[in-house]
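Observations on the three-dimensional arrangement
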Amino acid sequence: MLELLSEHACFGGVQRFYRHDSQAIGLPMRFSVFIPANPDNARLPGLFYLAGLTCNEETFMIKAGAQRFAAEAGLILVAPDTSPRGANVEGEADSWDFGVGAGFYLDATKPDWSKHYRMQSYIHELRELVIAELPVDGARVGIFGHSMGGHGALTLALKNPQAFKSVSAFAPIAAPIKSPWGKKAFTGYLGDNQETWEQYDASVLMARLQTPFPAGILIDQGLGDKFLDEQLYPDVFEAACRSAAQPLELRRHALYDHGYYFISTFIEDHIRFHAKNLTA
Ligand SMILES: N[C@@H](CCC(=O)N[C@@H](CSC=O)C(=O)NCC(=O)O)C(=O)O
């Protein structure tokens, strides 16, 4: 059951914040939704946004400026939190890139973490929930995200193309097996066997892809991003797309950094990309 926490008129539609008891996580979780004006109560395409390290369910709705364009396109936006809250695992709040605010959109297997840190399953649960409880058309759901959330969006879509029919990302952690953030998260949540990490590496999944996304994948990357060289590896994902014959538009932008000024600059293009793919 959904508990409505707050509701705000926004661009002719409504911005809402909800809490619910998650079965996948085993704890209450929060998420946000933007629903455009929908006088006929029609089923509308839905677009999930997965946020990055240190973010929560509010960050995207407050900072990205997406609602204006979702209102124009007739898209419902859904933004989950980035980790369980209140799991009380020892050390879970000790660093900003692991634990609280850093669930990495995977299902942990290591003891202590495996009980609640199940964000991959949670995103699927939330998808089913918004289809059941809100006017989201289950046949027209897309996904995008930023940094850790870009990694989440790419891996969830690549593994579940029937669930997520359109995918894009801002500055994704595109080859986490090579990235210090990814190595820390995978070691902590999954253990030392690197073969188990591959199911959560977008570049590995892309290299093995059987059926490309016909509408292509859109990625924007700032060249002034301080995390680009050490953490993100868009070139590795680009090479994997080439080998899998996956159409990819990877746009590299001089000067832009890793933050929400970058995202808000290009958010309109992403909303239009998904609206086109999900209404075709
Ligand atoms: N605290 C960190 C910076 C954390 C950061 O930059 N988080 C990004 C996502 S990074 C990858 O997932 C973010 O989206 N932050 C929210 C925001 O409002 O910018 C540091 O000290 O560098």
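Residues numbered from 1 in each chain as written. Predicted model: local features only at pLDDT ≥ 70, side-chain atom pairs only at ≥ 80, totals over all residues. Heavy atoms only, no water.

Examining the pattern of salt bridges
Put simply, the rule reads: Salt bridges are defined as contacts in which a side-chain nitrogen from Lys or Arg sits within 4 Å of a carboxyl oxygen from Asp or Glu. Helical segments are the DSSP runs of H or I of at least four residues, strand segments are the runs of E of at least two, and each set is numbered from the N terminus. Only protein chains enter the accessibility calculation, which uses a 1.4 Å probe. A residue is then buried if its area is under 20% of the maximum for its type, exposed if over 50%, and partly exposed in between.
Taken as a whole and judged by the stated rule, the model has twelve salt bridges. Its salt-bridge partner being R19, residue E3 comes within 2.9 Å of it at the nearest N-O pair. Here the residue E3 occupies a position in strand β1 (residues 3-10), and R19 occupies one in strand β2 (residues 13-21), the gap between them amounting to 16 residues. Of the charged contacts in the structure, one is a salt bridge between R272 and E72, with a shortest N-O distance of 3.8 Å. Of this pair, R272 sits in helix α9 (residues 260-279) while E72 sits in helix α2 (residues 67-73), and the two are 200 residues apart along the sequence. With relative accessibility at 49%, the residue R272 sits in the partly exposed group. Here the salt bridges do not stand alone but share partners, grouping E72, E268 and R272 into one network.

Side note on the sheet that holds strand β8 (residues 217-222)
Test applied: When DSSP finds two or more bridges between two strands, those strands count as paired. Angles run from 0 to 180 degrees between N-to-C directions of axes, and those axes are lines fitted to C-alpha atoms, restricted for helices to the stretch in contact. Contact criterion: two residues are considered in contact whenever any of their non-hydrogen atoms come within 4.5 Å of each other.
Within the open sheet, the nine strands sit side by side as β1-β2-β3-β5-β4-β6-β7-β8-β9. Their pairing is mixed. Looking at which strands have only one partner, the edges of the open sheet turn out to be β1 and β9 (248-253). Each neighbouring strand pair of the sheet contributes to a mean axis angle of 20°, computed without reference to strand direction. Pairing of strand β4 (residues 44-50) with strand β6 (residues 136-146), which is carried by six bridges, proceeds in the parallel orientation. Across the sheet, the residue bridging to L44 is V136, located in β6. Docked against the sheet, helix α3 (residues 119-133) engages β2, β3 (28-35), β4, β5 (76-80) and β6, running at close to 50° with respect to β3.

Points about the site of the ligand
Note the following rule: Nearness of a residue to a molecule or strand requires only that one of the residue's heavy atoms be within 4 Å of it. Whenever two N or O atoms come within 3.5 Å, that pair is a polar contact, provided that in protein one can donate a hydrogen and the other can accept it, and provided that, for residues adjacent in sequence, both atoms are side-chain atoms. Shrake-Rupley sampling with a 1.4 Å probe provides the accessible areas, and residues are treated as covered by the protein chains on show and by no other component. Any residue outside Ala, Val, Leu, Ile, Met, Phe, Trp, Tyr, Cys, Pro, Asp, Glu, Lys and Arg is labelled polar, Gly included; the first ten of those are nonpolar and the last four are charged.
The environment of the ligand is formed by 14 residues, the closest being L53, C55, K63, S147 and M148. Contact distances for the ligand include 2.8 Å between an oxygen atom and a backbone N or O atom of L53. Interatomic distance of 3.0 Å between a backbone N/O atom of M148 and an oxygen atom of the ligand. About the coverage of the ligand: the protein hides 73% of its 540 Å² of free accessible area. By residue class, the composition of the shell around the ligand is seven nonpolar, five polar and two charged.

Overview of the pairing of β1
Looking along a regular strand, one sees the side chains alternate between the two faces of the sheet. Sheet analysis places β1 next to β2, joined by seven bridges and oriented antiparallel. Counterpart to L4 in the pairing with β2 is Y18. A loop of two residues connects β1 with β2, the two strands running antiparallel in sequence, and F11 in this loop sits at a positive phi of about 50°.

Purely geometric stuff here, so don't read any function into it on its own.
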